[in-house]
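# Working through the structure, step by step
Listed below are the residues making up each chain.
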2 protein chains.
Amino acid sequence: MEEAAPEASSAAGGGPESAEARVTRLVLDTIAKRGKQHNPVTGSGGMLLGRVLQVGQGHPDAERLAPGDRVATLVSLSLTPLRVDRVLDVRRESAQLDVEGEAVLFASGAYARMPSDMPDRLALAVLDVAGAAPQVARLVSSGGSVCILGAGGKSGILCAAEARRRGGPNARIIGVESYGTYAEDLRKLGFCDEVLELDARDPVTLRNAALAANGGKEFDLSLSCVNVADSEMSAILVTRDRGTAYFFAMSTSFTKAALGAEGVGKDVDLVIGNGFAHGHADHTLDMMRTFPAVRALFEKRYG
Amino acid sequence: MEEAAPEASSAAGGGPESAEARVTRLVLDTIAKRGKQHNPVTGSGGMLLGRVLQVGQGHPDAERLAPGDRVATLVSLSLTPLRVDRVLDVRRESAQLDVEGEAVLFASGAYARMPSDMPDRLALAVLDVAGAAPQVARLVSSGGSVCILGAGGKSGILCAAEARRRGGPNARIIGVESYGTYAEDLRKLGFCDEVLELDARDPVTLRNAALAANGGKEFDLSLSCVNVADSEMSAILVTRDRGTAYFFAMSTSFTKAALGAEGVGKDVDLVIGNGFAHGHADHTLDMMRTFPAVRALFEKRYG
């Protein structure tokens, strides 16, 4: 067992009526009630960056880790025993908090030593979705077709980059992003053949537009990286017979996906995004070195 | 569009205080509110057997179907517009209702013509889980190891039969079933090398016992066929690195599976059971002919 103290790095936020104060109250309430952090909408937890306070006897990495080392946890905060004494800053754009507190990381809990060649918050931001790109690397083959929902967000961009790297120049990669600014960011990165500004909650419109962008054909693979509910049918409807719909979105409903595919008679493999894959932290951190334009964008957004 | 009238076949159930009356009220309430049937606990809907009232113009099977034909819908009732005028009988053991009413099956909705060589309720019972065995047939290879949770229920038994057929005599198939009567039924069928009477909601106990029954090794494939919540971790913990945990259970929570696997650092493919697979109705009905002992058991339970 090892304890990591989340770091303080800036001054306290706005007044008692501000959105920042409301976020602070909600997070402190959740942690007080559950002893863990659990987003009430998505059910997910995020992760943390901090300094090691103490390494428990018998920890498998006892010889690699020492008090003071800077680590990021790769276990969801919804599974990490946690105490937060004070929220120092609420960073709304990057969905990050600066806090004082203590957390317990079990010996089986994955973590990453912070890299020295990039800012902490950038590393933390990409480690939070470290499972996405390694899974895509397993799923995309040369020349395949991929439709990414929520492609302009953090995991969506990493998926698009990885899909292009694995799929090569003959792959057909279509990104769907409802937020205009993110759609434009995604276009500039050049991973996608087309970027469609559409809402993934409108499956019929989305299917028509996505297939039109793919020569009228359904896709080998769809990746759902949205952060809204009710996007299951879009992912299912754009996927070809015996293709794969892979759900990274924590807002995905198991029954909506299972019964939705059955309801429309789609023989498609439906996969729950596993946040863990071997070597996922190194894989994803390394993408910040391989894709400097992604790094620059993420530093702007999340740095 | 085609309409199927669910069939009446027996007299009305007990008095106003009976469990049957409560089920009737709950189902009629749900259908009145939603225009569809939706189990409030599992989120699933089941399916129906009825006679064709009318075949819509342009239906792709217009030449195969005629009013009076007996069909079973293979689309979840949670997606089937429905009106129920009267509940005639509540069959608790088989979780079936006899009703008078009308339903609409869209042209894209899968259905099966009822076979002539088996009782309707048997066919209906197995068609309700028609997707399970065909998926198992794709996943099990010769000599593989399979752990089935909820293996003594309807889909669990079909999965065990299919796993043995595909896996052959050298496959290692372990069934887990918490209900003693069902566990004994499953033992007698002989598909499983061992049947463990354990609760899938206790993942640590279950993992220890299941691995002990598999020479200390984790399984290539786990199949969750339970009907209770909080069984995700058991399926994940018994599965080997890069193996597959396949969730047929409609009680599965997407976030519990995704974050659970991440939390314990298990690099396992997590799959949502798709109720549809090509040829699933014929595949599963045919198992009643190939496996007479399964047919006899299902007739006793669900006939």
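Per chain, residues are indexed from 1 in the order of the written sequence. Here chains are named by letter from A upward and ligands by number from 1 upward, in the order in which they appear as written. Only residues with pLDDT of at least 70 are given local features in this predicted model, and only at 80 or more are side-chain atom pairs given and counted; all residues enter the totals for whole chains, interfaces and linings. Side-chain metrics in this entry use all non-hydrogen atoms of the structure; hydrogen atoms and water are not considered.

Below, the discussion takes up the interface of chain B and chain A. Accessible area lost upon the coming together of the parts is a frequently used measure of interface size. Listed as interface residues are 38 residues of chain B and, on the opposing side, 38 residues of chain A. By definition, the buried area sums, over both parts, the 1.4 Å-probe accessible area that each loses when the two are put together. Surface buried jointly by chain B and chain A totals about 3,300 Å² across both partners, of which 60% is contributed by carbon and sulfur atoms. Per-residue buried area on chain B facing chain A is highest for Phe254, Glu262 and Ile272 of chain B; these three make up 23% of the total on that side. Notably, a salt bridge pairs Asp267 of chain B with Arg138 of chain A, separated by 2.6 Å at the nearest N-O pair. Here a polar contact is recorded for every N or O atom pair within 3.5 Å, except that within protein the pair must consist of a potential hydrogen donor and a potential acceptor, and residues adjacent in sequence are included only if both atoms are side-chain atoms. Remark: the boundary between chain B and chain A carries 14 residue pairs in polar contact (both at pLDDT 80 or more). At eight residues, the largest contribution of residues to the side of chain B that touches chain A is made by helix H8 (residues 254–263) of chain B. Class assignment of the residues belonging to the side of chain B that touches chain A gives a composition of 18 nonpolar, 14 polar and six charged. By definition in these notes, contact holds between two residues if any of their heavy atoms fall within 4.5 Å. The term salt bridge refers to a pairing of a side-chain nitrogen on Lys or Arg with a carboxyl oxygen on Asp or Glu at a separation within 4 Å. The helix and strand labels rest on DSSP assignments: H or I over at least four residues marks a helix, E over at least two residues marks a strand, and numbering proceeds from the N terminus. Polar here means any residue outside two lists: the nonpolar Ala, Val, Leu, Ile, Met, Phe, Trp, Tyr, Cys and Pro, and the charged Asp, Glu, Lys and Arg; Gly therefore counts as polar.

This part covers the side chain of Asp69 of chain B. All names here are of chain B. Its location among the elements puts Asp69 in the loop between strand E2 (49–55) and strand E3 (70–73). There is a polar contact of 3.0 Å between the side chain of Asp69 and the backbone nitrogen of Ala66. Apart from residues lying up to four places away in sequence, Asp69 is in contact with Gly50, Arg51, Val52, Arg64 and Arg113.

Moving on: the packing of helix H3 (residues 132–139) of chain A against helix H4 (residues 154–167) of chain A. All names here are of chain A. Relative to each other, H3 and H4 sit at 30 degrees, their axes nearing to 8 Å. With respect to H4, the element H3 is oriented roughly parallel. The element H3 and its partner H4 pack so that their crossing is right-handed. In contact with Ala132, Ala133, Val136 and Ala137 of H3, H4 contributes Ser155, Leu158, Cys159, Glu162, Ala163 and Arg166. Axis definition: a line fit to C-alpha positions, over the contact stretch in the case of helices; interaxial angles, taken between N-to-C directions, run 0 to 180 degrees. Geometric relationships in this document are graded by angle, where less than 35 degrees denotes roughly parallel, more than 145 denotes roughly antiparallel, 65 to 115 denotes roughly perpendicular, and other angles denote oblique. Left-handed describes a crossing in which the near helix is turned anticlockwise from the far one by less than a right angle; the clockwise case is right-handed.

It is worth spelling out the UniProt feature "domain: L-erythro-3,5-diaminohexanoate dehydrogenase N-terminal" (unreviewed entry) in chain A at this point. UniProt positions are given in the numbering used here, feature names are shortened, and annotations may be inferred rather than shown by experiment. Per the UniProt record, the feature "domain: L-erythro-3,5-diaminohexanoate dehydrogenase N-terminal" (unreviewed entry) sits at residues 19–115 of chain A. In the segment residues 19–115 of chain A, helix accounts for 16% and strand for 35%; the C-alpha atoms at its two ends are 32 Å apart.

For the coordinates displayed, the defined rule picks out 56 salt bridges over all chains. For Arg83 of chain B, the salt bridge identified is with Glu102 of chain B, shortest N-O distance 4.0 Å. Taken together, the positions of Arg83 of chain B in strand E4 (residues 82–91) and Glu102 of chain B in strand E5 (residues 96–105) put the pair 19 residues apart, joining distant regions of the chain. Three or more residues joined by partner-sharing salt bridges are found here, namely Asp89, Arg91, Asp98 and Arg121 of chain A.

Looking now at the sheet that holds strand E10 (residues 219–224) of chain A. A pair of strands is considered paired only if DSSP assigns at least 2 bridges between the two. Here 12 strands make up an open sheet; going across it, the order is E9(A)-E8(A)-E7(A)-E10(A)-E11(A)-E12(A)-E12(B)-E11(B)-E10(B)-E7(B)-E8(B)-E9(B) and the pairing mixed. A strand with exactly one partner marks an edge of an open sheet, and here the two such strands are strand E9 (194–196) of chain A together with strand E9 (194–196) of chain B. Strand-to-strand, the axes of this sheet are offset by a mean angle of 20 degrees, without reference to chain direction. Of the pairings in the sheet, the one linking strand E7 (residues 145–149) of chain B to strand E8 (residues 172–176) of chain B comprises five bridges and is parallel in character.

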